[in-house]
Amino acid sequence: MKTTSVTIYSTGYRETRTYLAAALFAAGNIALPQLCHLVQLGGPTMLPIYFFTLVGAYKYGWRTGLLTALASPLVNAALFGMPTVAALPAILVKSVLLAGAAGYAARRFNRVSVALLAAVVLFYQVVGSAGEWALTGSFTAAVQDFRIGIPGMLLQVFGGYLFIKYVIRK
């Protein structure tokens, strides 16, 4: 398993860079789900609304990740009706957990690796599924990501690694 040192930022809420990065990552989280929804079950299978939250929080810190995590599902629901309003609480819980876990891992280890990203994704999915189960009362709905979302989790881990390591160099 290769571990790579990358430049990790921790931006504050008083910095313009935080809001610009969050806006760009939220735009990615708006465009990517639209592409995935062109395929049947593309959203639940690919879990696209989490991808840029992971990348943004890992690269620019939990504050950027949190802004992205909150804005992405809300704007998508308002503009496109996806996710549905009923699904928003569970998606917001998972998004916020992802932003916190990714920001923490980046700051704590100050490097990116497939193993670290896998741990982040596994953490937010397990804890988020427990939260979703508590919110919905449906175990089946709560573990849906583990039933059909494995390709999306793999995309987050491997695609996130490549994106953080090679695409965002600054």
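Q: What exactly am I supposed to notice about the overall build of the chain here?
A: When helices and strands are counted, the chain shows nine helices and two strands. Ordering the α and β elements of the chain from the N terminus gives β-α-α-α-α-α-β-α-α-α-α. Expected size for 170 residues packed as a compact globule is a radius of gyration near 15 Å; at 15 Å, the chain falls within 12% of this value. A principal-axis box enclosing the C-alpha atoms of the chain has dimensions of 40 × 35 × 30 Å. For the chain, the residues scored as buried account for 48% of the 170 residues in total. Within the chain, contacts between residues separated by at least 24 positions form 74% of all contacts whose residues are at least 6 apart in sequence. Working note: accessible area of the chain is about 8,400 Å², and carbon and sulfur atoms make up 69% of it.

Q: When you look at the packing of helix α5 (residues 88-109) against helix α6 (residues 114-136) in this model, what are you seeing that I'm missing?
A: Between α5 and α6, the shortest axis-to-axis distance is 8 Å and the interhelical angle comes to 150°. The pairing of α5 with α6 is recorded here as roughly antiparallel in orientation. Handedness of the α5/α6 crossing: right-handed. Facing Pro 89, Ala 90, Val 93, Lys 94, Leu 97, Leu 98, Ala 101, Ala 102, Ala 105 and Phe 109 of α5, the residues of α6 in contact are Leu 116, Val 120, Phe 123, Tyr 124, Gln 125, Val 127, Gly 128, Ser 129, Glu 132 and Leu 135. Partitioning the contact of α5 with α6 into residue classes produces 15 nonpolar, three polar and two charged.

Q: Got a minute to help me understand the nonpolar core in this structure?
A: Proteins that are soluble and globular tend to have nonpolar side chains buried together. Ranked by internal contacts, the top residues of the largest apolar core, which has 33 residues, are Phe 25, Tyr 50, Leu 54, Tyr 58, Leu 117 and Val 120. Elements with a contribution of two residues or more to this core: α1 (16-36), α3 (51-60), α5, α6 and α9 (150-167). Apart from residues lying up to four places away in sequence, Tyr 50 is in contact with Asn 29, Ile 91, Lys 94, Ser 95, Leu 98, Tyr 124 and Gln 156.

Q: Where do I start with the side chain of Glu 132 in this structure?
A: Along the chain, Glu 132 turns up in helix α6. Other than its neighbours up to four places away in sequence, Glu 132 contacts Ala 90, Lys 94, Gly 137, Ala 141 and Ala 142.

Q: Looking at this structure, I do not really get the packing of aromatic side chains. What am I missing?
A: Each aromatic ring pair is summarised here by two numbers: the centre-to-centre distance and the angle between the ring planes. Applying the stated rule across the entire model yields nine aromatic pairs. Ring centres of Tyr 50 and Tyr 124 lie 5.2 Å apart, and the angle between their planes is 55°; on these two criteria the pair is classed as tilted. With Tyr 50 in the loop between α2 (42-46) and α3 and Tyr 124 in helix α6, this residue pair connects regions lying 74 residues apart in the sequence. Pair check on accessibility: Tyr 50 and Tyr 124 agree, each one buried. Three or more aromatic residues joined by ring pairs form one cluster here, namely Tyr 9, Phe 25, Phe 51, Phe 52, Tyr 60 and Phe 163. Its end group placed over the ring of Tyr 9, Arg 17 keeps NZ or CZ at 4.8 Å from the ring centre.

Q: It is not clear to me how the packing of helix α4 (residues 62-80) against α5 should be interpreted in this structure. Could you clarify?
A: A packed helix pair is summarised by two numbers, namely the angle formed by the two axes and the spacing between the axes. Running from N to C, α4 and α5 point in directions that differ by 160°, and their axes come no closer than 8 Å. The angle between α4 and α5 falls in the class roughly antiparallel. Our pair here, α4 against α5, has a crossing hand that is right-handed. Seen from α4, the contacting residues are Trp 62, Gly 65, Leu 66, Ala 69, Leu 70, Pro 73, Leu 74 and Ala 77; seen from α5, they are Leu 88, Ile 91, Leu 92, Ser 95, Val 96, Ala 99 and Gly 103. Along the lines of polarity and charge, the residues of the contact of α4 with α5 split into 12 nonpolar, three polar and no charged.

Q: Which parts of the structure should I look at to understand the pattern of salt bridges?
A: For side chains bearing opposite charge, pairing can occur when the charged atoms are close. All told, the structure shown has two salt bridges when counted by the stated rule. Between Glu 132 and Lys 94 there is a salt bridge whose closest N-O contact spans 3.2 Å. You can see Glu 132 sitting in helix α6 and its partner Lys 94 sitting in helix α5, a full 38 residues away along the chain. Taking relative accessible area as the criterion, Lys 94 reaches 2% and is therefore assigned buried. Salt-bridge contacts for Lys 94 lead to Asp 145; the nearest nitrogen and oxygen are separated by 2.7 Å. Here Asp 145 lies in helix α8 (residues 144-148) and Lys 94 lies in helix α5, a separation of 51 residues in the sequence. Judged by relative accessible area, which is 8%, Asp 145 ranks as buried. Taken together, the shared-partner salt bridges connect Lys 94, Glu 132 and Asp 145 into one network.

Thresholds applied
Residues numbered from 1 in each chain as written. Predicted model: local features only at pLDDT ≥ 70, side-chain atom pairs only at ≥ 80, totals over all residues. Heavy atoms only, no water. Helix = DSSP H or I, 4+ residues; strand = E, 2+ residues; numbered from the N terminus. Rg over C-alpha atoms; globule rule 2.2 N^0.38 Å. Buried < 20%, exposed > 50% of the residue type's maximum accessible area, 1.4 Å probe, protein only. Contact = heavy atoms within 4.5 Å. Areas by Shrake-Rupley, 256 points an atom, 1.4 Å probe, with all protein chains shown as cover. Axes fitted to C-alpha atoms, helices over the stretch in contact; angles between N-to-C directions. Parallel < 35°, antiparallel > 145°, perpendicular 65-115°, else oblique. Left-handed = near helix turned anticlockwise from the far one by under 90°. Nonpolar A, V, L, I, M, F, W, Y, C, P; charged D, E, K, R; others polar. Core = buried A, V, L, I, M, F, W, Y, C linked by side-chain atoms within 4.5 Å. Phe/Tyr/Trp six-rings, centres within 6.5 Å; stacked < 30°, edge-to-face > 60°. Lys NZ or Arg CZ within 6 Å of the ring centre and 35° of its normal. Salt bridge = Lys/Arg side-chain N within 4 Å of Asp/Glu carboxyl O.

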